[in-house]
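Report on the structure
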Amino acid sequence: FQWLPGLGIAASTRTPLCGRRLSCAAMADTAPLKILQLKEGSNEVDILKDNLATVSKGLRDSGAHYVSIVAVMGAYRTGKSFLLDLLMRFMRKKCALMAAALKRQEARRRAEADLETAERMENAEKMTAAKAAIVAIDQEISEAAVMPECPTWHFGDGDAPKQPPPAWMLEGDADRISEGSKKGDGQAGFAWRPGKDKCTQGIWLWSTPFVFTDKAGRKIGVLLMDTQGAWDDTMTKAQSATIFGLTALLSSKLIYNIQNRIEEVQLENMDYITTFAQTVCAELPGSGSPYGHLELLIRDWANYEDGFTEEQCLEQMKDHENDHLNPAKVPPDAVERVERLAISFKSINSFGLPHPGLKVTKPAYDGEIAQIDPDFSHLLNIFVDKFFGEDFPSPCAPLGMEITVNSFQQVVMNFAEAFRENAADMAIGLREAFVKVEMMTCREDLLRRFKDQLLRLAPDTSVVDPVYLKKEVAKLTASLKEEFEFKLRPWRLKDSEEFSATSEFAATILEQGNVRVMQNEQQVEGATMKIVASPVVGCGAYFLLVHQWIFMIAAAGGAYCHAKKWSTRNEVELYDVSVVQGMGEDIKKFSIQRWKDLQAMQVAVNRLNPNEAMDALTKASQQAGVMAAAAASSAGINFQTQGNGAAASSNGVHKA
């Protein structure tokens, strides 16, 4: 892995880390979409299915396999949306650096290939050019890998030269954070406004993911999530639990925005929903934590002393975290709560950001970067480097169950359905949601494995022995059905539910297997008929080879007919490029079919015996007889009709 300076991330030298939708380009066709809204006067929530479907489609189109959500939640008016717009700039810059690194790596691979070719051809001029290109690319890589020298930073050092903001903060509009500003278009980022009035309502997701590849080579679509302020006096505790619970369950990295300092009431509020998750964990198999990483981000932290170094700032925050989350330091009545939180989240960390400056909080503030306090920008850069560290990205995995792109939409709807009920029924609802998601994920995985193994047994361009294929498909079906039943047992479903799920899964894979077996059988049966008729075909081929002019006329006629077909279909002239392309497709399909015929004939010959040959010949004769009788019957009817008409005409003339 190659270290990319200024971002605190490691880029794989083997696999691309940036998705095609959001490599470095501006996201003009994307916007934040609300996926959940609360019903006023009740504890229920509404899922906006159309918006959720749009986000799900964006994930599928991105080519990602898994989903990772970076979410921000906390009390209202704590700068959550503003922070998300800054994180979005960081992600865009990260994509740009990844793309540049991959471009250099690809250029070096091409130069190495050119050098190898030149050495093989003993071309001195090309060897020199290729070596020079490699040296130049290596120089670029070395320069990119060098960490820029930064002046020594001390908190509150007013005498030191003012440091510029980090480069990623200037990504896009270098003058102001305009993405979600209410004074801007409000669609290029998450909407925010200065002042005291709250802005975000419900839960919002950015419509298009940032696609990265993790260290295991898996493509992961990263979504940014914004939430309505939780734990405020405008919502019931159950509504706040809904916002927090859904956000925490769906996120792989959760930033909990806290104003000024960690307080017991905030941890108590957090424990309210995680207690239900602990109840779920006690009934479900697996040892994973229900939630991902929790980052306690303390805003407007006022305890950094002037002259503090980065290390001293981080040490002070770790001490503050221990005072509230270390079981050995908290009061006896808080020990159980702290332990529950530690079990509920995979990891917990804290970071403190100082106040961004008084001008930023004024109603007239319009996102001007120059008005943000330099200490805030510097520590924010440290925060994102650590937050998006070497473990990023990782899929959302509530209870250790990683969420795939295909299951994402159903997962959100299942969890939302679980939170529709009041707090007393929440544990039961969550259990049902987990079971549904696990069943769907398991079924999806086994179906994918069945298709892959079936494709290896009988590729689309191949024909295999039907007896062997039926036997192997039956074994594969039974094996996967047994595995599906085994994976359902820990969930302790009702007998009727387990039988229904198993029967549906077995019917699905059996249908897919039977379709492939039938296609293969038809190929072999057709090949048997062709073998029986091969003497006639051979004589015809010999005749055409001897009389080449007839062969040439037939070939020319066939080519004209195919050209005419594509010309008529595309409504173009015979000499159009699309006609040639269409004929090329016909030739390709014809070649593939003839290859399959050869394989099928080989299978048919291996299993053909005289009795089967006679049966095939008899069957073919019967089919030919039926066709001839039908044709003769049709011709007889036409002849009789014509004869009756002629007779009638003759009688008419005679009478006249």
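Note that the structure is predicted; figures quoted are calculated from it, not measured.

Quick look at the overall build of the chain
The secondary structure content of the chain amounts to 16 helices and 11 strands. Every one of the 656 residues in the chain was classed for burial, and the buried ones make up 43%. Accessible area for the chain stands at about 34,200 Å²; split by element, carbon and sulfur atoms hold 56% of it.

Some points on the pairing of strand β6 (residues 203–206)
Of the pairings in the sheet, the one linking strand β3 (residues 32–38) to β6 comprises 4 bridges and is antiparallel in character. Across the sheet, residue Leu33 finds its bridge partner in β6, namely Leu205. Bridge count for β6 against strand β8 (residues 219–227) is 3 bridges, and the pairing is antiparallel. Each bridged residue has a counterpart across the sheet, and for Trp204 the counterpart in β8 is Asp226.

Quick look at the packing of aromatic side chains
Enumeration over the complete set of coordinates arrives at 12 aromatic pairs. Ring geometry for Phe90 versus Phe388: centroids 5.2 Å apart, planes at 20 degrees, classification stacked. Of this pair, Phe90 sits in helix α2 (residues 80–121) while Phe388 sits in the loop between α8 (374–387) and α9 (408–418), placing them 298 residues apart in sequence. Across the pair, Phe388 and Phe90 agree in class, each one buried. Centroid distance Trp301 to Tyr304: 6.4 Å. Interplanar angle 65 degrees. Geometry classified as edge-to-face. Side by side, Trp301 and Tyr304 carry an identical accessibility label, which is buried. Taken together, the ring pairs connect Phe90, Trp168, Phe212, Phe351, Phe383, Phe387, Phe388 and Phe392 into an aromatic cluster. Here the guanidinium or amino end of Lys94 rests over the ring plane of Phe212, the centre of that ring lying 5.1 Å away.

A short note on the nonpolar core
Residues Leu36, Ile69, Met270, Leu380, Phe388 and Phe408 are the most contacted members of the largest nonpolar core, which totals 89 residues. Sequence-distant contacts of Ile69, that is, excluding residues within four places in its chain, are made with Leu205, Leu223, Met225, Leu250, Ser251, Ser252, Lys253, Cys396 and Phe408. Counting 19 residues, the second-largest nonpolar core is a separate cluster that includes Leu446, Leu447, Leu454 and Leu488.

What to know about unusual backbone geometry
Looking along the chain, the bond that leaves Phe392 and enters Pro393 is cis, with omega of -5 degrees. Within the secondary structure layout, Pro393 lies in the loop between α8 and α9. Non-glycine residue Asn260 carries a positive phi angle of around 75 degrees. Taking the relative accessible area as the measure of exposure, Asn260 reaches 40% and is therefore partly exposed. The phi angle at Asp300 is positive, at roughly 60 degrees, despite the residue not being glycine.

Points about the pattern of salt bridges
A complete count under the given rule lists 13 salt bridges for this structure. Between Glu504 and Arg443 there is a salt bridge whose closest N-O contact spans 3.9 Å. Of the two residues, Glu504 sits in helix α12 (residues 495–532) while Arg443 sits in helix α10 (residues 426–457), which places them 61 residues apart along the sequence. Owing to a relative accessible area of 24%, Arg443 belongs among the partly exposed residues under this scheme. The partner of Arg448 in a salt bridge is Asp445, with the nearest N and O atoms 3.2 Å apart. Pair noted here: Arg448 and Asp445 are both in helix α10, with a separation of 3 residues, about one helical turn. For Arg448, a relative accessible area of 42% gives the class partly exposed. Classification of Asp445 as partly exposed rests on a relative accessible area of 25%.

Description of the environment of Pro327
With respect to the secondary-structure elements, Pro327 resides in the loop between α6 (310–325) and α7 (335–344). Judged by relative accessible area, which is 34%, Pro327 ranks as partly exposed. Along the backbone, Pro327 and Val338 are 11 residues apart, and their C-alpha atoms lie at a distance of 6.4 Å. In contact with Pro327, not counting residues within four places along its chain, are Val335, Val338 and Glu339.

A short note on a negative patch on the surface
Together, Asp157, Asp159, Glu305 and Asp306 make up a negatively charged patch on the protein surface. One can find Glu305 in the loop between β10 (291–299) and α6.

A short note on the side chain of Arg104
Relative to the elements of secondary structure, Arg104 occurs in helix α2. For the buried Arg104, no salt bridge exists, and the shortest N-O distance to an oppositely charged side chain is 4.9 Å, to Glu140. Those residues in contact with Arg104 that lie beyond four places of it in its chain are Ile137, Glu140, Ile141 and Ala144.

Structural notes on the packing of α2 against α8
Look at α2 against α8: their axes get within 12 Å of each other, and the N-to-C directions meet at 65 degrees. Crossing of α2 over α8 shows right-handed handedness. Two secondary-structure elements touch here, α2 through Leu83, Leu86, Leu87 and Phe90 and α8 through Phe376, Leu380, Val384 and Asp385. Across the contact of α2 with α8, the residue classes tally to 7 nonpolar, no polar and 1 charged.

Details of the pairing of strand β5 (residues 66–74)
Looking along a regular strand, one sees the side chains alternate between the two faces of the sheet. Among the 9 residues in β5, 8 count as buried, and that is most of the element. Sheet topology note: the β5/strand β9 (residues 253–259) ladder contains 5 bridges and is parallel. Pairing of Gly74 across the sheet is with Asn257, part of β9.

Comments concerning α2
Given a rise of 1.5 Å per residue, 42 residues ought to cover 62 Å, and the 61 Å separating the end C-alpha atoms of α2 matches this to within 8%. Glu122 lies just past α2 and shows a positive phi near 60 degrees.

Section: the confidence of the model for the chain
Should pLDDT be low for a region, the predicted coordinates there are not to be read in detail. Of all residues in the chain, 68% have pLDDT values of 70 or greater, and the mean over the chain is 74. Note on residues 192–199: pLDDT under 50 across the span, and 33 contacts to partners over four residues away in sequence or across chains. Every residue in residues 637–642 scores below 50 in pLDDT, and together they form 0 contacts with partners more than four places removed in sequence or on other chains.

Observations regarding the environment of Asp157
Considering the arrangement of structural elements, one finds Asp157 in the loop between α3 (124–145) and β6. Residue Asp157 is classed as partly exposed on the basis of its relative accessible area, which comes to 35%. The spatial distance from the C-alpha of Asp157 to the C-alpha of Gly307 is 6.2 Å, given a sequence separation of 150 residues.

Re α7
Of the residues making up α7, those classed as buried are Arg337, Val338, Leu341 and Ser344. Projection of α7 onto a plane perpendicular to its axis shows the buried side chains occupying an angular sector of 130 degrees, all on one side. Exposed residues on α7 whose side chains face more than 90 degrees from its buried face are Glu336 and Ala342.

A look at the environment of Asn406
With respect to the secondary-structure elements, Asn406 resides in the loop between α8 and α9. Taking C-alpha positions, Asn406 is 8.4 Å from Tyr66, a pair spaced 340 residues apart along the chain. Setting aside chain neighbours within four positions, we find Asn406 in contact with Arg60 and Glu444.

Cut-offs and rules
- Residues numbered from 1 in each chain as written.
- Predicted model: local features only at pLDDT ≥ 70, side-chain atom pairs only at ≥ 80, totals over all residues.
- Heavy atoms only, no water.
- Helix = DSSP H or I, 4+ residues; strand = E, 2+ residues; numbered from the N terminus.
- Buried < 20%, exposed > 50% of the residue type's maximum accessible area, 1.4 Å probe, protein only.
- Areas by Shrake-Rupley, 256 points an atom, 1.4 Å probe, with all protein chains shown as cover.
- Pairing = 2+ DSSP bridges.
- Phe/Tyr/Trp six-rings, centres within 6.5 Å; stacked < 30°, edge-to-face > 60°.
- Lys NZ or Arg CZ within 6 Å of the ring centre and 35° of its normal.
- Core = buried A, V, L, I, M, F, W, Y, C linked by side-chain atoms within 4.5 Å.
- Contact = heavy atoms within 4.5 Å.
- Salt bridge = Lys/Arg side-chain N within 4 Å of Asp/Glu carboxyl O.
- Patch = residues over 30% accessible without salt bridge, like charges linked within 9 Å, V, L, I, M, F, W, Y side chains within 5 Å.
- Lys, Arg positive; Asp, Glu negative; His and termini not counted.
- Charge placed at Lys NZ, Arg CZ, Asp CG, Glu CD.
- Axes fitted to C-alpha atoms, helices over the stretch in contact; angles between N-to-C directions.
- Left-handed = near helix turned anticlockwise from the far one by under 90°.
- Nonpolar A, V, L, I, M, F, W, Y, C, P; charged D, E, K, R; others polar.
- Expected span 1.5 Å × (residues − 1).
- pLDDT = per-residue confidence, 0-100.
- Arc of directions from axis to C-beta.

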